[in-house]
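This is what each chain is made of:
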Amino acid sequence: MSAPTRTTATLGLTVVVPAYNEEARLGPTLAAITGHLRENEGRWGDWEVVVVDDGSTDGTRDLVTALTDPRVHLVTSPRNRGKGHALRLGVAASRGTRVLVTDADLAAPIAELEVLDKALTEGHAAAIGSRSVPGSTIEHHQHRVRELLGRAGNFLIRGVAVPGIRDTQCGFKLFDGDRARTAFAASRLNGWGIDVEVLQHFRRADWPVAEIPVRWAHQSGSKVRPLDYARVLAELTALKARAIRPADLLAASLFLLMAVALYAGRWADPNGRYLPDSLQDQNQWEWFFAATAHNVSHFQNPLFTDLQGFPDGVNLMANTVMLGLSVPLTPITLLAGPAISLALATTLGLAVTATAWYWLIVKRVVRQRGAAFAGATLATFAPPMISHANAHPNFVVLFMMPLIIDRALRLCEGERVRRNGVILGLMTAYQIFLGEEPLLLAAMGMTLFAVAYAAVRRDVARTAWRPLSRGLLTGMAVCLPIVAVPLYWQFFGPQSYHSVLHGDNAGNSPLALISFAERSLIAGDADRANALSLNPTEQNAFYGWPLVALALAIVVRLWERTLVKALAFTAVAAALLSLGPEFRIPLSDIVLPGPWALLAKQPLFESVIEGRVAMICAPALGMLLAVAVERVTATPNLSTLYFGMLAVVLAVLPIVPAPLKSVERVDVPPFIADGMWKSYVGKGESLVPVPLPDPGNAEALHWQTAADLGFKLPGGYFNGPYGDDRVGIYGAAPRFTSNMLRDVRYNGVAPTIGANWRAQAKKDFAFWKAGVLVLAPQGNDGVLRETLEQLTGKQGKWTGGVWVWDLHDGA
């Protein structure tokens, strides 16, 4: 921010009074002001009053010109343009070393000038009268509605423009003259938002502002109308938009283009294209969005449904349905379908996440925008993020993480602990409705960083732990009441479960950390990546050896920086934890215990796929890259610049992601798409696909969303309980008939069906309240058809592209 423009101030004080149709109120106001100043000539020295007539249509202008005091000046505007324009004219015409701006109603008495001037004498650049700080006196209140609107407006103003100032709109402010003329000359708003814009200018210039309690009394005849509150909000929005740097806007636009390019295959036909590397997750997530929209639009419990897993149902809170997105996107889901909502959520979520990392890196790590862009790009489009972009929106939409990190850092700095603790609590509550596992991983990453930073800078740790602790306790007090009922439902409600087990070791191989992911454009190796990961959606490391080598070089070169040490420790510790409870040294038979063994059996951690912990490395590596790029680009040595940037490009280029694979989607059979199923499924009954939908084949979920969730399905793809211990499994609790039909589908061997199997099938059909069995063309469908004919004792009927067995005749 530039220094204030120095002028030749020839007077001690200028009082600026904006006026629009103030014929009735301006006379007493001017009399009070001039009378007070005459009585205190020794205190204020030479003074002037500048009245700005803002295009009045009454006698305001004549009232001023009729005054005989030469120290009262009139500045006119040919038409009414608003308070902001009037103040800009008046301050520009001022000559005082101090400039008082007061409203024409003089709601704060002119005698309050004394307390404002004291603050300037003590070194402040501005002193603003306030009705909201302790010590203020309101002798006559506004109408209750206006008062509430004013408080709401001030709350928004504090959050958007000038944090820490409780009352920006009290029309009684004293400024250092030169700084006032500089700030008002730089202003652009013509309306009531001028006060906020000027105060924001002072804040950015580090000119101290004092908020002083004053006496205040509402005066009748106010020009503020209810619609003006909306206009102020519009002006604040414009003010915020103008504050965005072109480089920041360019970065956000590039992030959006990158996200669209990644999902280009889906966007070619969102309803007709499928991401094959999502396995069955695209069907599942579209169903989650559709089920949430259904519950919201039918005023049903958003935490539970029996549309899938019928008749037991699905605990939606115990599944990652992302209520924080699926609920707001309900109108789009209802109008355009869940495929569009999912595509929007993943694409925009990825772009906004990148923008959030960019914002955090600019604010906390580097000032150079290009370096921050490089770091945010790596943090967001790193190989593990691309892998999850196929199938897991909860690991793609991470824009709350940088905001939570920043808020925690504010607490460490002791900045407005209670307020930031409240905001942190609200942010955490919202993130819980976006994804709990990513929040847990983020907490692990922040803890690792904090431990490392505190070990190096114990002085900072000693200063930070008290405000951080108070803020965290405040955040918990805010967060827990919001999430208490949903979390109780998740862990103790219908169809809740204890934990989801992923096998003895779902950790990364050490080789996965230095290998290349399948979707890396240049160096991608599908065979190797799949051999080192659980599946294409869980390639949780794969940063590539060039990037690992570059990170090591950055750490060695910049080891003197505390931030670099803490980031390096965070990345290394996360990588080691991601190896699981034990890992094998490559090219040997030596198996070593991993640090994850300490957490593997602990509550919450036992359900984590430990390989995902390596995702913490992405933002840590991104920030290290940002630090290095800023350092390299700042060097005056051209050879250092050239070779430094060449090393960055060579390290990052191999992991640049290719667009996600997409294929044409399997058509929904006409029996479903055309509504033919309706004559077979009565009220309270279900439609039973053969075999039942499960995590290996969930196409029936797509049938259900295509039918606007008109029928219920047994089986499905979700997390639910199994057995008396309520261990978490994928899909519904299996039954004899569902297991048998699944086995026939995969091995192609028809079992010998006897009376016992038919009796069991009848019990299972009754449990599912089956109205119809539906067999679509698929592998081994001939054997499946034969099995169903033996189970039901009758031939199937070919209709609408599927075989159906109507169970209403007692079969």
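Structure: above.
These figures come from a predicted structure and were not determined experimentally.

**Brief notes about the overall build of the protein chain**
A tally of helices and strands in the protein chain yields 31 helices and 21 strands. A principal-axis box enclosing the C-alpha atoms of the protein chain has dimensions of 115 × 65 × 45 Å. Counting the 811 residues in the protein chain, one finds 53% classified as buried. Of the contacts made within the protein chain by residues no fewer than 6 positions apart, 76% connect residues no fewer than 24 positions apart. Surface accessibility of the protein chain: about 35,200 Å² in total, with carbon and sulfur atoms responsible for 60%.

**Overview of the sheet that holds strand S19 (residues 770-775)**
Strand order in this open sheet of 4 strands is S16-S19-S21-S20, and the pairing throughout is mixed. A strand with exactly one partner marks an edge of an open sheet, and here the two such strands are strand S16 (686-689) and strand S20 (797-799). Each adjacent strand pair in this sheet contributes to an overall mean axis angle of 35°, direction not counted. Two elements, S19 and strand S21 (residues 802-806), share 4 bridges in a ladder whose sense is antiparallel. Looking across to S21, one finds that Val774 is bridged to Val804.

**A few points about the pairing of S21**
In the sheet, S20 pairs with S21 via 3 bridges, with the strands oriented antiparallel. Looking across to S21, one finds that Lys797 is bridged to Val804. The turn joining S20 and S21, which pair antiparallel and follow one another in sequence, is formed by 2 residues; a positive phi near 60° is taken by Gly800.

**Topic: the nonpolar core**
In this structure, Phe671, Ile672 and Leu687 are the most contacted members of the largest nonpolar core, which totals 141 residues. Among residues more than four places away in sequence, those in contact with Leu687 are Phe671, Ile672, Trp677, Val681, Phe711, Lys712, Leu713, Pro714, Val772 and Val774. With 32 residues, the next largest nonpolar core counts Leu13, Val17, Leu26 and Leu116 among its residues.

**Some details on the pattern of salt bridges**
Going through the model one piece at a time under the given rule, you end up with 29 salt bridges. With a shortest N-O distance of 3.9 Å, Arg25 and Asp105 are connected by a salt bridge. Taken together, the positions of Arg25 in helix H1 (residues 23-39) and Asp105 in the loop between strand S4 (96-102) and helix H5 (113-121) put the pair 80 residues apart, joining distant regions of the chain. Each member of the pair Arg25 and Asp105 is classed as buried.

**Section: the side chain of Glu48**
Relative to the assigned elements, Glu48 resides in strand S2 (residues 47-54). Using a relative accessible area of 1% as the deciding quantity, one classes Glu48 as buried. Engagement of the side chain of Glu48 in a polar contact is seen with the side chain of His73, the distance being 3.4 Å. For Glu48, the side chain forms a polar contact with the main-chain nitrogen of Arg95, separated by 2.9 Å. In this structure, Glu48 is in contact with Leu11, Leu13, Thr14, Val15, Arg71, His73, Ala93, Ser94, Arg95 and Gly96, ignoring residues within four places of it in sequence.

**Here's the deal with the side chain of Glu518**
Its place among the elements puts Glu518 in the loop between helix H21 (458-492) and helix H22 (526-531). Among the residues examined, Glu518 registers a relative accessible area of 12% and is labelled buried. Within polar-contact distance, the side chain of Glu518 engages the side chain of Lys661 at 3.0 Å. When residues no more than four places from it in sequence are discounted, the contact partners of Glu518 are Asp277, Gly524, Asp525, Ala526, Ala529, Asn530, Pro536, Gln539 and Lys661.

Calculation rules
Residues numbered from 1 in each chain as written. Predicted model: local features only at pLDDT ≥ 70, side-chain atom pairs only at ≥ 80, totals over all residues. Heavy atoms only, no water. Helix = DSSP H or I, 4+ residues; strand = E, 2+ residues; numbered from the N terminus. Buried < 20%, exposed > 50% of the residue type's maximum accessible area, 1.4 Å probe, protein only. Contact = heavy atoms within 4.5 Å. Areas by Shrake-Rupley, 256 points an atom, 1.4 Å probe, with all protein chains shown as cover. Pairing = 2+ DSSP bridges. Axes fitted to C-alpha atoms, helices over the stretch in contact; angles between N-to-C directions. Core = buried A, V, L, I, M, F, W, Y, C linked by side-chain atoms within 4.5 Å. Salt bridge = Lys/Arg side-chain N within 4 Å of Asp/Glu carboxyl O. Polar contact = N/O pair within 3.5 Å; in protein donor to acceptor, adjacent residues only side chain to side chain.

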